[in-house]
Amino acid sequence: MTRVDFYILKDTAPEARELFAARLVEKAYRLGHKVFVHTANMHLATLFDEYLWTFRDGSFVPHCIEGSEEERFAPVHV
């Protein structure tokens, strides 16, 4: 079953959105869900890909950019 959730944040700064999204992706991954993160363009996908590696010390979220060779192994696709 596919589930789609929407969130409204009080803080509208881009950094706040990125941090919230990264934490949410990490939580969903740890709960065993597959996750697809939609961005407006490839540049933003690349930035979020890099952010998932660095947003929190000790965090590991196996992910890939959609269409890459790692795609079939990663539970999180950007």
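Just so we're clear, the structure is a prediction, and the values are computed from it rather than from any experiment.

## Brief notes about the environment of Thr54
No. 1: In this structure, Thr54 sits in helix H2 (residues 42-54).
No. 2: Judged by relative accessible area, which is 56%, Thr54 ranks as exposed.
No. 3: Taking the C-alpha atoms as reference points, Thr54 and Ala22, 32 residues apart in sequence, are found 9.8 Å from one another.

## Concerning the pattern of salt bridges
No. 1: One pass over the structure, following the stated rule, counts three salt bridges.
No. 2: A salt bridge links Arg56 to Glu26, with the nearest nitrogen and oxygen atoms 2.4 Å apart. Of the two residues, Arg56 sits in the loop between H2 and strand S2 (63-64) while Glu26 sits in helix H1 (residues 14-30), which places them 30 residues apart along the sequence.
No. 3: Classification of Glu26 by relative accessible area gives buried; the value is 7%.
No. 4: The structure contains a network of salt bridges with shared partners spanning Glu26, Arg30 and Arg56.

Calculation criteria
Residues numbered from 1 in each chain as written. Predicted model: local features only at pLDDT ≥ 70, side-chain atom pairs only at ≥ 80, totals over all residues. Heavy atoms only, no water. Helix = DSSP H or I, 4+ residues; strand = E, 2+ residues; numbered from the N terminus. Buried < 20%, exposed > 50% of the residue type's maximum accessible area, 1.4 Å probe, protein only. Salt bridge = Lys/Arg side-chain N within 4 Å of Asp/Glu carboxyl O.

Shape descriptors only; they carry no functional weight alone.
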